[in-house]
Amino acid sequence: MNNYNQVKDAALALFSMAGFISHINDEQEYHQALKLMEELVEDYDLYKPLIEVLSVSIERWEDQSEEFADFNARILN
């Protein structure tokens, strides 16, 4: 039998410590996400599910951030 309460509690703890895993709100969180990604990829197989979620967050930030607007525009041309 699954104990979803444990899953929910673990998810709340994770996202309260590092909400940027699912959604990056600013440049500081973006840099935190990149640093975490560097550590996670060192043991890719173990952290693959977390890497997949974090990579979506990073990609979304890079697609939508003003910081990358010029770069993204050049790629589209």
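Residues numbered from 1 in each chain as written. Predicted model: local features only at pLDDT ≥ 70, side-chain atom pairs only at ≥ 80, totals over all residues. Heavy atoms only, no water.

Caption draft 1: Spotlight on the nonpolar core. The biggest cluster of nonpolar side chains holds 13 residues, and the ones touching the most others in it are Phe-20, Ile-24, Tyr-30, Ala-33, Leu-54 and Ile-58. Counting residues per element, the ones that place at least two in this core are helix H2 (27-41) and helix H3 (44-64). Apart from residues no more than four positions distant in its own chain, Tyr-30 is found in contact with Ile-24, Ile-58, Trp-61, Glu-62 and Phe-68. (Core = buried A, V, L, I, M, F, W, Y, C linked by side-chain atoms within 4.5 Å. Buried < 20%, exposed > 50% of the residue type's maximum accessible area, 1.4 Å probe, protein only. Helix = DSSP H or I, 4+ residues; strand = E, 2+ residues; numbered from the N terminus. Contact = heavy atoms within 4.5 Å.)

Caption draft 2: Seen up close, the side chain of Glu-29. Its location among the elements puts Glu-29 in helix H2. No salt bridge is formed by the buried Glu-29; the nearest opposite charge belongs to Arg-60, separated by 9.5 Å. Sequence-distant contacts of Glu-29, defined by excluding residues within four places in its chain, comprise Phe-20, His-23 and Ile-24. (Lys, Arg positive; Asp, Glu negative; His and termini not counted. Salt bridge = Lys/Arg side-chain N within 4 Å of Asp/Glu carboxyl O.)

Caption draft 3: Fine view of the packing of H2 against H3. Between H2 and H3, the least distance of the axes is 9 Å, while the angle of their chain directions is 155°. Judged on the interaxial angle alone, H3 and H2 are roughly antiparallel. Where H2 crosses over H3, the handedness of that crossing is left-handed. Touching Glu-27, Tyr-30, Ala-33, Leu-34, Leu-36, Met-37, Leu-40 and Val-41 of H2 are Tyr-44, Tyr-47, Leu-50, Ile-51, Leu-54, Ser-55, Ile-58, Trp-61 and Glu-62, all from H3. For the contact of H2 with H3, the residue count by class is 14 nonpolar, one polar and two charged. (Axes fitted to C-alpha atoms, helices over the stretch in contact; angles between N-to-C directions. Parallel < 35°, antiparallel > 145°, perpendicular 65-115°, else oblique. Left-handed = near helix turned anticlockwise from the far one by under 90°. Nonpolar A, V, L, I, M, F, W, Y, C, P; charged D, E, K, R; others polar.)

Caption draft 4: The arrangement of the side chain of Ser-57 in detail. Relative to the helices and strands, Ser-57 resides in helix H3. Judged by its relative accessible area of 1%, Ser-57 falls in the buried class. Non-local contacts of Ser-57, meaning those with residues more than four positions away in its chain, are made with Phe-20, Ile-21, Ser-22, His-23 and Ile-24.

Caption draft 5: How the structure looks around the confidence of the model for the chain. Mean pLDDT for the chain: 90, with 88% of residues reaching 70 or above. The secondary structure element of the chain with the lowest average pLDDT is helix H4 (residues 69-76), at 66, and the one with the highest is H2, at 96. (pLDDT = per-residue confidence, 0-100.)

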